[in-house]
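What follows is the residue order along each chain.
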Amino acid sequence: MGGNSWFCNWALWVFIFIIFVSGYGTSLGDDFVNVTVHVNGERAIGTTDTNFICATLDWWPKDKCNEKKNCPWANATLLTLNLKSSVLLNAIKAFSRLKIRLGGTLQDKVVYQTNRSEPCEPFRLDEMKLFSFTEGCLPLSRWDELNEFFIKSGAFITFGLNALSGRRVKAGSDIATAGSWNSTNAKFLMTYSLDKWYHIHGWELGNELVGRSAIGRQIPADVYANDTIHLHRIVKNLYKDPKTRPIVMAPGGFFDEEWFKKYLQKANHSLDAATHHIYDLGAGSDLNLTNRILDPGVLDGDTDIFEQLRGLVHGTKVQAWVGEAGGAYNSGGPNVSNTFVSSFWYLNQLGMSASYNTKVYCRQTLVGGNYGLLNTTTFHPNPDYYSALLWDRLMGEKSLNTSFEGTKKLRAFTHCAKKLGGITMLLMNLDGKRNITVNTSRIHMTSRKPEPRQEYHLTAPDGNLHSQTVQLNGKKLEVNSVSGEIPIIQPLAYALHELINVAPHSIVFAHIPSADLPACKGKQ
C-alpha cells in the first residue's frame, strides 16, 4: 500500500507540473515547447472581403529573364497562356470565387486592338526600350478567349489599364512624366467588354508608377488623382447600374505614405480600392532568401505599411488592397518561391494584412515566374496553392486578436470560421528542431455537446523545405492524372482537450467549431 501511495502522489505532482507549464511558454527539454494561445473574441480587429484570396496573371513573355539568365515565364503570359488546360480551370474553380488581377509591369505598354483587321504585334525584347520590351498589342480575339475562360472558371477579374498612354518624359528627367492620361484606347476596351457582356470586377489604372519607388516612369500624386477621377467618370457613364458597375482601382504601386496621402485626399471620392505592392524579401537571386522567410523579424516587417494605409483610408469608402505581392522581386526565387518554405511567408502575409483591414490580397502570380501558385508548364499546384485554398475554405472575414508567450518561432492567426461555425486558427512553426504544442483551453466553448476539432497539417515531404509538393496530414497532395481534378482536402479529428501539435517546420489550420465567441455570432 505504501508503495502505491508514493506512486500516486508522484504521479499527481507530475500531472500538476504538466498543467502548470502548459499555461506558459515553457520549454520541456530540447524537443518541444508548450504555449497557451489567447484569442480575444469580443470584437474583430480587422475584416476582409468574403473573397480575400486573389492571384495575378502577367504580361511578361518567355524571354523575360533575371540577371542570372533564369527565364521562368515560359508561355504563362496573358497572350499565350494555355486556356484549354483542365488542370488550370479546375485549380481556379476549386476556390469559392478566386479574384484574378490581370496586369503587371508591361500593362503600361499594352495597346488594345480596335479593329480585327489591323496589325497587332506581341511584345518584343529590346533592351533599349522602357522595361526592355517594345509595346505589345492585345488582340480582340485573345480578349474574347480570356473572358470565355474566366466565365467558365467563375473568377472575379480585375484589369490593369495602360496609365502611360498620352504621357511623355519630362524634359531634363529620366523618369518623371508630363501630360495627362489619354483614355481613348482604354475606353474602347471597356465599351467593347460591356457590349460583349464580359463582367469585369474592377478597372485598375497603372502599375508601379508612383512615389519614391516608381519603376521606369513616375507620375505626380495630383496628376494621378485627376486621372483616377477621369477613369471613374468613364466607368460611371458606361455602366449605368451601380449594382453591376466595376470598381475603380489604383494606383498599384509601392507604398509611399506622403504620395498616397496626397493622392487619396483628392481621389478618394472616385476610388474604390487603393492598391499597393509588396516585395519585402528582396531580390529573387538572394541566396539568403530561405533564412529571411524563416526570420520572425523579417516577417513582421510590413506592419507599418498595413497600419499606415489603414489609417489613410479610414473614414472613406476606399478599401485597402494588396494588388500584387510575390515576396521576392524580379520573378521570385528559383527553388524557393515555388516551394514549401514560401508558405511561411505567404500565410504570414495573409494573416497580418487581414488583421489590418486589408480587404483583398493578390499573390504574384497564379501562373508564371518562380513565384506562381501553379507550375508554369504543367499547372500542377505548388505548395502555396494549397495554403491559399485552405485559407479560402476555412478562414472567414473577421480577424481576431491572437496572443501567446514563450517563443518567437510560432506564428498564430485566428479568424471566425468561414461558413462552418466557431473559429479557425492558423499556426506556423518556424523552428526546424522543436515541436510546439498549443493549448486552446482558454478559448470559451459552447455549452452544447462539443464537436471534434478539425486539423489540417501541412508538411514538406522528408522535411525538404524546397520541395515543390506538400503533404496534408502525412499524405502527398497530387492532381488526378486522368481528370485533372484537384485532390480532396480532408482533415483529421481531435478531441477538444487534446493539445495541438505543430511539428518542426510545419503549418496547421485548426478549425474549432465549438468555440463560442461574440465576434463570430451570426453569418460568416
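An unreviewed UniProt entry annotates the protein as Heparanase-like protein 3 of Cuscuta campestris. Here the protein is described in UniProt, under the heading Function (unreviewed entry), as follows: "Endoglycosidase which is a cell surface and extracellular matrix-degrading enzyme. Cleaves heparan sulfate proteoglycans (HSPGs) into heparan sulfate side chains and core proteoglycans." Listed in UniProt under the heading Sequence similarities (unreviewed entry), the comment for the protein reads: "Belongs to the glycosyl hydrolase 79 family."

1. Details of the nonpolar core
Soluble globular proteins tend to pack their nonpolar side chains together in the buried interior. In terms of nonpolar packing, the biggest core is built from 130 residues, with Trp143 and Leu366 touching the most fellow members. Looking at which domains feed residues into this core, each of domain 1 (32-45 + 402-520) and domain 2 (48-397) gives three or more. Non-local contacts of leucine 366, meaning those with residues more than four positions away in its chain, are made with Ala55, Thr56, Leu57, Leu88, Ile92, Leu98, Ile100, Gly372, Leu373 and Leu374. Listed in part, the 23 residues of the second largest apolar core include Ile443, Val502, Val508 and Cys520.

2. Some details on the pattern of salt bridges
Inspection of every chain in the model, using the stated rule, returns 15 salt bridges. In this structure, arginine 116 engages aspartate 144 in a salt bridge whose closest nitrogen and oxygen atoms are separated by 2.9 Å. Separated by 28 residues along the polypeptide, arginine 116 in the loop between strand S7 (110-112) and strand S8 (136-138) and aspartate 144 in helix H3 (residues 140-153) bring together distant segments of the chain. Looking at aspartate 144, the relative accessible area reads 9%, which means it is buried. Ionic pairing is found between aspartate 431 and arginine 434, a salt bridge with its closest N-O pair at 3.7 Å. Taken together, the shared-partner salt bridges connect Arg101, Glu204 and Glu324 into one network.

Rules used throughout
Residues numbered from 1 in each chain as written. Predicted model: local features only at pLDDT ≥ 70, side-chain atom pairs only at ≥ 80, totals over all residues. Heavy atoms only, no water. UniProt positions renumbered as here; feature names shortened; annotations may be inferred. Core = buried A, V, L, I, M, F, W, Y, C linked by side-chain atoms within 4.5 Å. Buried < 20%, exposed > 50% of the residue type's maximum accessible area, 1.4 Å probe, protein only. Domains from an automatic or database assignment. Contact = heavy atoms within 4.5 Å. Salt bridge = Lys/Arg side-chain N within 4 Å of Asp/Glu carboxyl O. Helix = DSSP H or I, 4+ residues; strand = E, 2+ residues; numbered from the N terminus.

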